[in-house]
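Letter by letter, the chains look like this.
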Amino acid sequence: MNTKGSGKKYKWSLDFTSRAVARNAEITSPPGYNPTVGQSHSEVSKETDQNHLIIKKSWDIALAPIKQVPMNLLIMYMSGNSISIFPIMMVGMMLIRPIKALFSTGATFKVIEGTQVIGQKFVFLLGNLVNMGLALYKCHSMGLLPTHASDWLAFVEPQSRLEFSGGGLSLL
């Protein structure tokens with residue numbers, strides 16, 4: 001152990017007894033630190049930084065529906081084309097979410113101000129319409145949309161298939 005009587009010092013030991021030396025020693029700045037940068041910001045630069053952040057956040061809100069398209073495509077692929085509860089629930093949510101977002105566009109963009117609001121609303125609308133189109137395509141591929149006259153009229157015969165395919169062979 002290191003005691004006061006022994007004059008032996010280890011390189012890992014700290015000596016807090018000599019405070020006069022510590023007060024006069026100046027701590028050097030770390031590499032890459034420039035004390036002049038960051039001290040003289042004016043009010044104009046703070047306003048432009050804040051405006052830049054507002055514009056960036058508003059574009060993030062406007063692009064959110066378009067960023068959901070790849071995930072919706074994956075959900076469409078994974079749910080399959082069978083008529084069961086899981087695919088119908090997925091398609092229902094894919095259709096209801098964009099409709100709700102379109103009805104709440106005013107509330108979504110209420111806090112956003114600036115010159116680019118019209119463009120951001122257009123991108124938001126376009127993204128939600130794309131998501132609605134994907135949901136309607138999925139409904140069509142599942143056979144849930146009435147696309148033939150026989151779906152609407154009782155006296156029209158259903159569409160007959162001319163050819164059936166199975167296992168890579170054509171069957172007539």
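Only a predicted model underlies this, so the values are computations on that prediction, with no experimental measurement involved. (Residues numbered from 1 in each chain as written. Predicted model: local features only at pLDDT ≥ 70, side-chain atom pairs only at ≥ 80, totals over all residues. Heavy atoms only, no water.)

**Some points on the overall build of the chain**
Along the chain, the regular secondary structure elements total 6 helices and 2 strands. Walking the chain from its N terminus toward its C terminus, one meets helices and strands in the order α-α-α-α-α-α-β-β. The burial tally for the chain puts 16% of its 172 residues in the buried class. Residue pairs in contact within the chain that sit at least 24 positions apart in sequence constitute 64% of those at least 6 positions apart. Accessible surface computed for the chain: about 14300 Å², of which carbon and sulfur atoms make up 64%. (Helix = DSSP H or I, 4+ residues; strand = E, 2+ residues; numbered from the N terminus. Buried < 20%, exposed > 50% of the residue type's maximum accessible area, 1.4 Å probe, protein only. Contact = heavy atoms within 4.5 Å. Areas by Shrake-Rupley, 256 points an atom, 1.4 Å probe, with all protein chains shown as cover.)

**Thoughts on helix α6 (residues 117–142)**
At 3.6 residues per turn, the α-helix brings residues three or four places apart onto the same side. For α6, which comprises 26 residues, the first-to-last C-alpha distance of 38 Å matches the rise-based estimate of 38 Å (1.5 Å per residue) to within 8%. After α6 finishes, the residue G143 shows a positive phi value of roughly 85°. (Expected span 1.5 Å × (residues − 1).)

**Focus: the packing of aromatic side chains**
Under the definition given, this model contains 1 aromatic pair. Relative to F124, the ring of F109 lies with its centre 5.3 Å away and its plane at 85°, an arrangement referred to as edge-to-face. Placement of the pair is F109 in the loop between α5 (105–108) and α6 and F124 in helix α6, with a sequence separation of 15 residues. For the pair F109 and F124, a shared accessibility class is recorded, and that class is buried. (Phe/Tyr/Trp six-rings, centres within 6.5 Å; stacked < 30°, edge-to-face > 60°.)

**Some remarks on the side chain of S58**
Examined against the element boundaries, S58 turns out to sit in helix α2 (residues 43–67). Assessed through its relative accessible area of 2%, S58 is described here as buried. One polar contact links the side chain of S58 to the main-chain carbonyl oxygen of I55, over a distance of 2.8 Å. Discounting residues that sit within four places of it in the chain, S58 has contacts with F109, I112 and Q120. (Polar contact = N/O pair within 3.5 Å; in protein donor to acceptor, adjacent residues only side chain to side chain.)

**Thoughts on the packing of helix α4 (residues 85–103) against α6**
Direction vectors running N to C along α4 and α6 enclose 155°, while the axes themselves pass 9 Å from each other. One way to sum up the angle between α4 and α6 is to call them roughly antiparallel. Crossing geometry of α4 relative to α6 is assigned as left-handed. Along the contact surface, α4 presents P87, I88, V91, M94, L95, P98, I99, A101 and L102, while α6 presents F124, L125, N128, L129, N131, M132, L134, A135, L136, K138, C139 and M142. Within the contact of α4 with α6, the residues separate by chemical class into 18 nonpolar, 2 polar and 1 charged. (Axes fitted to C-alpha atoms, helices over the stretch in contact; angles between N-to-C directions. Parallel < 35°, antiparallel > 145°, perpendicular 65-115°, else oblique. Left-handed = near helix turned anticlockwise from the far one by under 90°. Nonpolar A, V, L, I, M, F, W, Y, C, P; charged D, E, K, R; others polar.)

**So, the nonpolar core**
The biggest cluster of nonpolar side chains holds 6 residues, and these are A62, A101, F109, I112, V117 and F124. Judged by nonpolar contacts, the second largest core, of 5 residues, contains V69, M76, L134 and A135. (Core = buried A, V, L, I, M, F, W, Y, C linked by side-chain atoms within 4.5 Å.)

**Things to note about helix α3 (residues 69–79)**
Residues of α3 that are buried: V69, N72, M76 and S79. Along α3, the residues classed as buried sweep out an arc of 95° about the axis, all on the same side. Projecting away from the buried face of α3 at angles above 90 degrees are the exposed residues P70, Y77 and M78. (Arc of directions from axis to C-beta.)

**Some words on the environment of T115**
Mapped onto the elements, T115 comes out in the loop between α5 and α6. By relative accessible area, which is 80% here, T115 ends up exposed. In this structure the C-alpha to C-alpha distance between T115 and I55, which are 60 residues apart in sequence, comes to 9.3 Å.

None of this, on its own, says anything about what the molecule does.
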